[in-house]
Amino acid sequence: MPAYQIRIPSCVYAGEGSVGKLKEIIQKEAAKSVLVFTDKGIVATGLLKLVTDELEELGVRYTVFDDLKAEPAYTDVERVLEDVKKAEGDFIVAMGGGSVMDAAKLVSLLKGAPYTVRDLLKDPSIAQKYLKSVMIPTTCGTGAEATCNAIVAIPEEETKKGIVNNAMIPDYVILDARTIAKLPPHIVAATGVDALAHVVECYTSKKATPLSDTYALAGAKLIFANIRRAYENPDDMEAKSAMLLGAFYGGIAITGSGTTAVHALSYPLGGKYHIAHGVSNAILFAHVMEYNLEACRVQLAGLCDAIAPELYGAGEDEKARYVIDQIADIVKTTQIPTDLSGFGVRMEDLDFLVTAGSQQTRLLVNNRRELSLDDIRAIYLKVLK
Ligand SMILES: NC(=O)c1ccc[n+]([C@@H]2O[C@H](COP(=O)([O-])OP(=O)(O)OC[C@H]3O[C@@H](n4cnc5c(N)ncnc54)[C@H](O)[C@@H]3O)[C@@H](O)[C@H]2O)c1
Ligand SMILES: [Zn+2]
């Protein structure tokens, strides 16, 4: 096996009430003025007050940027950056889902930099960190608080693209389940299945290593056991805390391994039809794993040993099928759509999807079973009704 590594944010605070650590972080970093990133949906919940109360108690200056679109395009990041340039700031606090965190992570590389976001799209290796950051996730999903990626839509290509550089890994993370206590169940479902896709794809990826496997398995145990509980009982804070932690582990697994064909084929669905990231992954998830079964039987059986030890004596095939059935059952139980009807995707769009999906080579190379154009077409056909 070649040499391998994993990156983890250097300081992680977890547990209810841990937003209270913000003062300690700002003092340690001797920050004089803070750039706070969030979105209007989060402001409407009152959650941002958890952050601003801490900053006010500390007496530090801050500017809030809440005009961030869900699933931002790189042009939205450019627009935010114009506003950011007018503000003072030597530290970043981001409170939100993957959309907010990805935009904030890009700002941490772009404020004061000689290059632009378009330059990073062409060559992400030029990135450097200009501002340190703390991420406070408010969905139980993307793991963006841990990853070295920011995903942006490319409107002119009607797809999405990941900008990847280890400089993007946040410095601090706060996992405080109060931030997802009132998360609407349909967002718990979609973002939770996204997190599930991260751990399953990372574990079955060609790039998996013993380090990424450790986080992927730990995340899988937490998410398989708690996603239905968190969706069905919004007050079940034990399940919500487990989901927040599982999603974070998924993010760490991504830095050491990588997602595969589920995410690859999902990007055109987000980029062109604006289907929420977790929903487009959920629609494809079981079908891609079914396709992958012959190449990933051992890995899927390994996942089964972690999540259903009572099946220990069963054969590999039965175990692998159990995991795929669980994935399909979770998508059904959490009432996420299982096909593309209802999203305006038509049979005439199939050629576009096949071409755009096949161009996501960054992730397709991680898939243990190769996909020809016909294989990709067959998978999309299963979800086009
Ligand atoms: N960087 C990465 O590693 C990575 C990984 C996976 C996905 N992503 C990207 O992340 C984005 C998706 O992020 P997401 O799934 O977390 O959703 P999101 O950030 O787009 O948020 C979805 C909606 O939920 C609302 N919301 C968020 N938290 C809430 C709360 N606590 N209560 C009520 N409403 C709340 C937001 O206002 C928004 O309207 C996509 O662009 C995706 O491509 C990034
Ligand atoms: Zn994802």
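Residues numbered from 1 in each chain as written. Chains lettered and ligands numbered in written order. Predicted model: local features only at pLDDT ≥ 70, side-chain atom pairs only at ≥ 80, totals over all residues. Heavy atoms only, no water.

(A) View of the coordination of the zinc ion (ligand 2). For the zinc ion (ligand 2), the protein coordination sphere consists of Asp194 (OD), His198 (NE2), His263 (NE2) and His277 (NE2), at 2.1 to 2.2 Å. What the four donor atoms of the zinc ion (ligand 2) show is an angle range of 86 to 169° at the metal, which sorts the shape as irregular. As a motif over one chain, the donors of the zinc ion (ligand 2) read D-x3-H-x64-H-x13-H. With a gap of 79 residues between them, histidine 198 in helix H7 (residues 185–204) and histidine 277 in helix H11 (residues 277–307) connect regions that are remote in the sequence. Here histidine 198 falls in the buried class, since its relative accessible area comes to 3%. (Donors = N, O, S within 2.8 Å, 3.2 Å for Na, K, Ca; no water. Tetrahedral: all angles 85-135°; square planar, octahedral: opposite > 155°, others 65-115°. Helix = DSSP H or I, 4+ residues; strand = E, 2+ residues; numbered from the N terminus. Buried < 20%, exposed > 50% of the residue type's maximum accessible area, 1.4 Å probe, protein only.)

(B) Quick look at the sheet that holds strand S5 (residues 133–137). Taken in spatial order, the six strands line up as S1-S8-S5-S4-S2-S3 in an open sheet, and their pairing is parallel. On the outer flanks of this sheet lie strand S1 (11–14) and strand S3 (61–65), each paired with one strand and no other. Here the average twist between neighbouring strands, direction ignored, is 15°. When strand S4 (residues 91–96) meets S5, the two strands line up parallel, connected through five bridges. Residue pairing across strands places isoleucine 92 opposite serine 133, the latter belonging to S5. (Pairing = 2+ DSSP bridges. Axes fitted to C-alpha atoms, helices over the stretch in contact; angles between N-to-C directions.)

(C) Inspection of the pairing of strand S7 (residues 159–164) at higher detail. Two elements, strand S6 (residues 149–154) and S7, share six bridges in a ladder whose sense is antiparallel. By the bridge assignment for S7, alanine 153 is matched with lysine 160. What sits between S6 and S7 in their antiparallel hairpin is a turn of four residues, with glutamate 158 showing a positive phi close to 50°.

(D) Spotlight on the packing of aromatic side chains. Evaluation of the coordinates by the stated rule reveals five aromatic pairs. Site record: aromatic cluster; members linked through ring pairs are Tyr215, Phe248 and Tyr249. Stacked on the ring of tyrosine 312, the Lys or Arg lysine 319 has its end atom at 5.0 Å from the ring centre. Its guanidinium or amino end placed over the ring of tyrosine 291, arginine 369 lies 3.8 Å from that ring's centre, counting from NZ or CZ. (Phe/Tyr/Trp six-rings, centres within 6.5 Å; stacked < 30°, edge-to-face > 60°. Lys NZ or Arg CZ within 6 Å of the ring centre and 35° of its normal.)

(E) Spotlight on the pairing of S4. Most of S4 is tucked away, with six of its six residues classed as buried. Neither face of S4 is open: one carries Phe91, Val93 and Met95, the other Ile92, Ala94 and Gly96, and all of them are buried.

(F) Geometry of the site of ligand 1. Taken together, 28 residues lie around ligand 1, and Ser99, Asp102, Thr138, Thr139 and Thr147 are the ones closest in. Within the side chain of aspartate 102, a nitrogen or oxygen atom sits 2.7 Å from a nitrogen atom of ligand 1. Within the contact set of ligand 1, an oxygen atom lies 2.7 Å away from a side-chain nitrogen or oxygen of threonine 147. Compared with its free state, where it exposes 870 Å², ligand 1 has 89% of that area covered by protein. Elements with a contribution of two residues or more to the shell around ligand 1: helix H2 (40–45), helix H5 (98–110), S6 and H7. (Near = heavy atom within 4 Å. Polar contact = N/O pair within 3.5 Å; in protein donor to acceptor, adjacent residues only side chain to side chain. Areas by Shrake-Rupley, 256 points an atom, 1.4 Å probe, with all protein chains shown as cover.)

(G) Main features of the nonpolar core. Ranked by size, the top nonpolar core spans 81 residues in total, and within it Val200, Leu284, Phe285, Leu300 and Tyr380 carry the most contacts. By residue number, the principal contributor to this core is H11, which donates 14 residues. Two domains each donate at least three residues to this core, and these are domain 1 (11–180) and domain 2 (185–383). Excluding its chain neighbours within four sequence positions, the residues that come into contact with tyrosine 380 are Leu265, Pro268, Leu269, Leu284, Leu350, Leu353, Val354 and Gly357. Counting residues in hydrophobic clusters, the runner-up holds 56 residues, among them Leu47, Leu48, Val100 and Leu131. (Core = buried A, V, L, I, M, F, W, Y, C linked by side-chain atoms within 4.5 Å. Domains from an automatic or database assignment. Contact = heavy atoms within 4.5 Å.)

(H) Molecular detail of a nonpolar patch on the surface. On the surface, a nonpolar cluster with roughly 330 Å² of combined accessible area is contributed by Met1, Tyr4 and Leu211. For tyrosine 4, the location among the structural elements is in the segment before S1. (Patch = residues over 30% accessible without salt bridge, like charges linked within 9 Å, V, L, I, M, F, W, Y side chains within 5 Å. Salt bridge = Lys/Arg side-chain N within 4 Å of Asp/Glu carboxyl O.)

(I) Expanded view of the side chain of threonine 260. When you line up the elements, threonine 260 lands in the loop between helix H9 (237–256) and helix H10 (261–273). Among residues more than four places away in sequence, those in contact with threonine 260 are Glu201, Ser205, Leu363, Asn366 and Asn367.

(J) Expanded view of the packing of helix H8 (residues 210–232) against H9. In the contact formed by H8 and H9, the axes pass within 7 Å of each other and the chain directions differ by 150°. Regarding the angle of H8 to H9, the classification is roughly antiparallel. Judged by the sense of rotation from one axis to the other, the crossing of H8 with H9 is left-handed. Between H8, through Ser212, Tyr215, Ala216, Ala218, Gly219, Leu222, Ile223, Asn226, Ile227, Arg229 and Ala230, and H9, the contact on the second element is made entirely by Glu238, Ala239, Lys240, Ala242, Met243, Leu245, Gly246, Ala247, Tyr249, Ile252, Ala253 and Gly256. Split into classes, the residues belonging to the contact of H8 with H9 amount to 15 nonpolar, five polar and three charged. (Parallel < 35°, antiparallel > 145°, perpendicular 65-115°, else oblique. Left-handed = near helix turned anticlockwise from the far one by under 90°. Nonpolar A, V, L, I, M, F, W, Y, C, P; charged D, E, K, R; others polar.)

Everything listed here is a matter of geometry and, on its own, says nothing about what the molecule does.
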